[in-house]
Number of protein chains: 2
Amino acid sequence: MVGAGFAGLAAAKQLGGSGFDVTVVDRHNYHLFQPLLYQVATAGLSPADIASPIRSILSRYKNIRVVLANVSGVSIDEGAVIAEERQIPYDVLILATGAQHAYFGHDEWSVHAPGLKRVDDATYLRRRILVAFERAESEVDEARRQALLTFVVVGGGPTGVEMAGAIAELARKALAADFRHIDPRNARIILVQAAPRLLPTFPEPLSQRAKFALERLGVDVRLNQSVTSCDSEGVRLGEVPIEAATIVWAAGVMASPAGRWLQAEVDNAGRVRVGEDLTLPGHPEIFVIGDTANCIGNDGRPLAGVAPVAKQQGEFVGQLLKARAAGRTLPRFRYRDFGAMATIGRKSAVAQLGPIRLHGLPAWLLWSAAHIYYLIGFRNRITVVLNWAWNYVTFQRGTRLITGLSGSRVEDMAAPAPMEPDGVGNLNR
Amino acid sequence: MVGAGFAGLAAAKQLGGSGFDVTVVDRHNYHLFQPLLYQVATAGLSPADIASPIRSILSRYKNIRVVLANVSGVSIDEGAVIAEERQIPYDVLILATGAQHAYFGHDEWSVHAPGLKRVDDATYLRRRILVAFERAESEVDEARRQALLTFVVVGGGPTGVEMAGAIAELARKALAADFRHIDPRNARIILVQAAPRLLPTFPEPLSQRAKFALERLGVDVRLNQSVTSCDSEGVRLGEVPIEAATIVWAAGVMASPAGRWLQAEVDNAGRVRVGEDLTLPGHPEIFVIGDTANCIGNDGRPLAGVAPVAKQQGEFVGQLLKARAAGRTLPRFRYRDFGAMATIGRKSAVAQLGPIRLHGLPAWLLWSAAHIYYLIGFRNRITVVLNWAWNYVTFQRGTRLITGLSGSRVEDMAAPAPMEPDGVGNLNR
């Protein structure tokens, strides 16, 4: 099994204690609770609050072995995964290698507009955001200072909405009193969405609610606008240039290169087209699940790359393998859609649960409860609750550390390693 | 004021709300509680648990301005600090720029034997230690596996003792059940001390206690032995080679280059010799405090580079400046020595408080209480308590994340930037 994100971990847990001999390969030693990564990027939580060592999570299953390695390919003929110098043989292969941000043919933008998929991305963004305020404080040129205090978030899906809301709260609350020459409350936060509304996968009224809530936080929401260029000066929306020192990319994802490893048919987001049982057509021994898979849902459209889909697919594969071993079969994979949520800020979120739509405080309470519940590991759960309670009461942010650089100049910062677009390495989701 | 470690922050707080116009310059945006840095390096705490933003700490003092910048020199003639592109003028200068690890003429060892002074050092060491276990798990060569499971800590002062104890507990408890091919409990932890006893600044019986306690944890304590070479294969103690993948340098510190900035007289550890009022001789407007200063104590010997000395010196300078402004003077600086403590592991520490000597559980409880009390910021205090309680009950370590690298190979890891031995940058302590 390759990848210990939501999908891979769910499958591993299903197979834990069974007669199968399971090897979990991941390039990271931890499982990352990606839905809260934006809180690391905005100094609300520490990386360790939302990540747990894979070995710890799986240590009680003696039939599971964990390997920390970069997977670079699959040899279907030999039945082996290629991981660094060695090959790991398999009888059954589960690929759950996730997705990475994509710049749709503009990879050169990645330097200026970092995305948010990995821990290192989040600490890098945190550094960029905090350093922008620091540089603004000592900048004497007014136009330059304004650019340093301008934050552009590209993409109006859940990640973009959450990032824009969190940056706005950071500037308006946590940092408000800490500077002498600038007023962080004057920071401009611009959320750019190419579609006619935010959160396009949500019901229309909730998109409206999200927009209002963001605007109340002072976020400038630009609908129907696309980024046409991105450089160290800022972005261009159509023909209009916006000077901004900080750009956050939340506009698109691309599946990991598992499709290329398998030489399989992929959709335009690089996802492998799988059958009803989540196997690669013609290969009942190869499963592709999670963000890496294009799996057709009940409505005839591909399922979204969200945690609940990944988890349910992982569980399904585990159950299917156990059924096969017992000589039985299972009906096809069916996704049970319990709804979707996105948070905007303190006491503000939108949620859809079947026919029920919530916004404001009730949605936020539900969002908080659900995320705490799903956070893996008891310790992380209480630390997160405590941090949130603290942030809620004080408006402070606990993890405002600028680490990983020796000076205060943005140019000095080491960006995280690029995400290997070319078939090298599986992604921890 | 340059440096916001214990000394600089204590001085700033004394001057907060006074008539002075105070500028605090630091290369980091946070104050680091260095005595607990070893817990970050051994996956017990997150960096944010032991660091607080300087701006937050000082935000209520409207007469204090915080500047995030690298200081590279002082122009005494012009009365200005040189920080990156600009000069920051001063009437009174307080230098509290700390110390860095020193390899005593063997700077080439720093690659193989990283020290522990900054947040980036700690996360780098955490990565090295955790990756060593991961690589051992997949290593087929027995000798190589043994080298990967060998950890050498160089230096038997408090940092060395604490690191050796913490690595031993990590291996014997937290990681014990998580691997399939290796038994982390078989890891060798070797503590090398050139002097005839551990903790030479403590009373002799406590050195004995510390040695016994470490040996009970399975640490191999080597007294009267010196490291004669250090490379990627391991260390050499005299003529005896020890193969080890992980070497931790806790053997020596060197003051930051403030002495060179001032062209002042320094001792052999690079510390500026200061007068009884902590000023540079001949310059009543320049104070040097904390680890950067060589200040003669009541017993005629230079005071040690520890937090209580730094704090008291900072407070003294703040009081002296306020007294001067009021037309008064203060008697010379006198260090009130309340004792010293070092922790070895769970329920195990040594402490000396004047005539009282404690070891074992009582010392550990005292150590815990004192460190929690002194941790800056209410939030950090409760998070740390919670983490400790959790680690205590479960023997687990909460922050076992290998971050900042894309693969599992040690060679891929980016070491933190070197510590600028040559006059560039002030050190956050």
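In this text, all values refer to a predicted model and were calculated from it rather than measured experimentally.

Counting its regular elements, chain A contains eleven helices and 24 strands. In chain A, which comprises 429 residues, the proportion classed as buried is 60%. Residue pairs in contact within chain A that sit at least 24 positions apart in sequence constitute 66% of those at least 6 positions apart. Here chain A has roughly 16600 Å² of accessible surface; of this, 54% comes from carbon and sulfur atoms.

Before going further, it helps to examine the pairing of strand E4 (residues 64-68) of chain B. Residue and element names in this part refer to chain B. Here E4 lies mainly inside the structure; four of its five residues are buried. Two elements, strand E1 (residues 22-26) and E4, share five bridges in a ladder whose sense is parallel. Along E4, the bridge assignment pairs Val24 with Val66.

Here the focus is the UniProt feature "domain: FAD/NAD(P)-binding" (unreviewed entry) in chain A. Per the UniProt record, "domain: FAD/NAD(P)-binding" (unreviewed entry) is found at residues 2-314 of chain A. End-to-end, the C-alpha atoms of residues 2-314 of chain A are 12 Å apart, and along that stretch the chain is 29% helix and 26% strand.

It is worth spelling out the nonpolar core at this point. Counting 121 residues, the largest nonpolar core has Leu58(A), Phe133(A) and Met163(A) as its most contacted members. Both domains that furnish three or more residues to this core are identified here as domain 1 (6-27 + 69-101 + 253-325) and domain 2 (109-251 + 339-412) of chain A.

Residue and element names in this part refer to chain A. If you walk through the whole model with that rule in mind, you get twelve aromatic pairs over all chains. Ring geometry for Phe6 versus Phe33: centroids 5.6 Å apart, planes at 80°, classification edge-to-face. In this pair, Phe6 is assigned in helix H1 (residues 6-15) and Phe33 in the loop between strand E2 (30-32) and helix H2 (37-41), connecting sequence segments 27 residues apart. Of the two residues, Phe6 and Phe33, neither departs from the other in class, the shared state being buried. Site record: aromatic cluster; members linked through ring pairs are Tyr103, Trp109 and Trp249.

Moving on, we come to the environment of Asn70(A). Residue and element names in this part refer to chain A. By secondary structure assignment, the location of Asn70 is in the loop between strand E4 (64-68) and strand E5 (71-75). Residue Asn70 is classed as buried on the basis of its relative accessible area of 10%. Asn70 sits 201 residues away from Arg271 along the chain, and the two C-alpha atoms are 20 Å apart. At 3.4 Å, the side chain of Asn70 forms a polar contact with the side chain of Arg27.

All names here are of chain A. Looking at the secondary structure, you find Thr279 in strand E19 (residues 279-280). A relative accessible area of 7% means that Thr279 is categorised as buried. Side chain to side chain, Thr279 and Asp277 meet in a polar contact 2.7 Å long. Residue contacts for Thr279: discarding those within four places in its chain leaves Val274, Pro284, Ile286, Phe287 and Arg324.

Another point: the pairing of strand E5 (residues 71-75) of chain B. Residues and elements named next belong to chain B. When you tally the buried positions in E5, you get four out of five residues, the bulk of the element. Looking at chain direction, E5 and strand E6 (residues 80-83) are connected through four bridges and run antiparallel. Among the inter-strand pairings, Val71 is bridged to a residue of E6, identified as Ala83. Where E5 folds back on E6, the antiparallel hairpin that results is connected by four residues, among which Gly79 adopts a positive phi of roughly 65°.

This paragraph deals with the sheet that holds strand E16 (residues 246-249) of chain A. Residue and element names in this part refer to chain A. Across the sheet, four strands lie side by side as E12-E11-E10-E16; this open sheet has parallel pairing. At either margin of the open sheet sits one strand with a lone partner, and together these are strand E12 (219-222) and E16. When strand polarity is set aside, the average angle formed by the axes of neighbouring strands in this sheet is 20°. Sheet topology note: the strand E10 (residues 150-154)/strand E11 (residues 188-192) ladder contains five bridges and is parallel. Note that in E11 the partner of Thr150 across the bridge is Arg188. In the packing of helix H6 (residues 158-174) onto the sheet, contacts are made with E10, E11, E12 and E16, and the angle to E11 comes to roughly 175°.

Residue and element names in this part refer to chain B. Here helix H9 (residues 307-325) is 19 residues long and its end C-alpha atoms lie 27 Å apart, about the 27 Å a rise of 1.5 Å per residue gives. Restricting attention to buried positions, one finds in H9 the residues Val309, Ala310, Gln312, Gln313, Gly314, Phe316, Val317, Gly318, Leu320, Leu321 and Ala323. At its buried positions, H9 is contacted by helix H1 (6-15), strand E8 (93-95) and strand E20 (283-288).

Right, let's get into the sheet that holds strand E11 (residues 188-192) of chain B. Residues and elements named next belong to chain B. A sheet is described by the order of its strands in space; here four strands give the open sequence E12-E11-E10-E16, paired in parallel fashion. Looking at which strands have only one partner, the edges of the open sheet turn out to be strand E12 (219-222) and strand E16 (246-249). Pairwise comparison of adjacent strand axes, ignoring direction, gives a mean angle of 20° for this sheet. The strands touched by helix H4 (residues 119-138) are strand E10 (150-154) and E16; relative to E16, the strand with the most contacts, the crossing angle is about 155°. Together, E10, E11, E12 and E16 form the strand contacts of helix H6 (residues 158-174), whose direction differs from that of E11 by roughly 175°.

Our focus in this paragraph is unusual backbone geometry. One non-glycine residue, Ala43(A), lies in positive phi territory at about 70°. Checked against the element boundaries, Ala43(A) lands in the loop between H2 and strand E3 (51-53).

Another aspect to go through is the domain arrangement of chain A. Residues and elements named next belong to chain A. For chain A, the assigned domains read domain 1 (6-27 + 69-101 + 253-325) and domain 2 (109-251 + 339-412). One C-alpha centre belongs to domain 1, the other to domain 2, and the line joining them spans 32 Å. Around 600 Å² of area is buried between domain 1 and domain 2 when both sides are counted, 60% of it from carbon and sulfur atoms. Of all residues in domain 1, His101, Val253 and Lys311 bury the most surface against domain 2, accounting for 60% of the area lost on that side. Here domain 1 is connected to domain 2 by zero salt bridges. For the interface between domain 1 and domain 2, the tally reads one residue pair in polar contact (both at pLDDT 80 or more). Of all the elements, strand E9 (residues 99-101) adds the most residues to the side of domain 1 that touches domain 2, at three residues. Across the side of domain 1 that touches domain 2, the residue classes tally to three nonpolar, two polar and four charged.

Glancing now at the side chain of Asp26(A). Within the fold, Asp26(A) resides in strand E1 (residues 22-26). Of note is the side chain of Asp26(A), whose polar atom sits 2.8 Å from the backbone nitrogen of His28(A).

Turning our attention to the pattern of salt bridges. As enumerated under the stated definition, the model contains 22 salt bridges over all chains in all. Ionic pairing is found between Arg185(A) and Asp183(A), a salt bridge with its closest N-O pair at 3.0 Å. Accessibility expressed as a relative area gives 46% for Arg185(A), which makes it partly exposed. For Asp183(A), a relative accessible area of 26% puts it in the partly exposed group. Close ionic contact of Glu142(B) with Arg145(B) constitutes a salt bridge, the shortest N to O distance being 3.0 Å. Separated by three residues within a single helix, Glu142(B) and Arg145(B) lie in helix H5 (residues 142-148), roughly one turn from each other.

Parameters at a glance
Each residue is numbered by its place in its chain's sequence as written, counting from 1. Going through the entries in the order they are written, you letter the chains from A and number the ligands from 1. Local features are withheld for residues below a pLDDT of 70 in this predicted model, meaning they are given only at 70 or higher, and side-chain atom pairs are given and counted only at 80 or more; totals for whole chains, interfaces and linings count all residues. Computation of side-chain values: all heavy atoms of the structure, hydrogens and water removed. Runs of E in the DSSP output that reach at least two residues are strands. Runs of H or I that reach at least four are helices, and both are numbered from the N terminus. Relative accessibility under 20% of the residue-type maximum defines a buried residue, over 50% an exposed one, and the middle range a partly exposed one, all with a 1.4 Å probe and only protein chains included. In this analysis, two residues are considered to be in contact whenever any of their non-hydrogen atoms come within 4.5 Å of each other. For the area figures, the Shrake-Rupley method with a 1.4 Å probe applies, and any residue is considered shielded solely by the protein chains shown. Think of it this way: DSSP has to see at least two bridges between two strands before they count as a pair. UniProt positions are given in the numbering used here, feature names are shortened, and annotations may be inferred rather than shown by experiment. Remark: nonpolar core denotes a set of buried residues (Ala, Val, Leu, Ile, Met, Phe, Trp, Tyr, Cys) joined through side-chain atoms within 4.5 Å. For the domain bounds, the source is a domain assignment made automatically or taken from a database. For Phe, Tyr and Trp, rings pair up if their centres lie within 6.5 Å, where Trp contributes its six-membered ring, and each pair is then called stacked (planes under 30 degrees apart), edge-to-face (over 60) or tilted (otherwise). Here a polar contact is recorded for every N or O atom pair within 3.5 Å, except that within protein the pair must consist of a potential hydrogen donor and a potential acceptor, and residues adjacent in sequence are included only if both atoms are side-chain atoms. An axis is simply a line fitted to the C-alpha atoms; with a helix, the fit covers only the stretch in contact. Between two such axes, the angle follows the N-to-C directions and lies from 0 to 180 degrees. The span one expects for a helix is its residue count, reduced by one, times 1.5 Å. Throughout, buried area stands for the accessible area (probe radius 1.4 Å) lost by two parts on being put together, summed over both. What makes a salt bridge here is a side-chain nitrogen of Lys or Arg within 4 Å of a carboxyl oxygen of Asp or Glu, nothing more. For this scheme, ten residues count as nonpolar: Ala, Val, Leu, Ile, Met, Phe, Trp, Tyr, Cys and Pro. Four count as charged, namely Asp, Glu, Lys and Arg, and the remainder, Gly too, count as polar.

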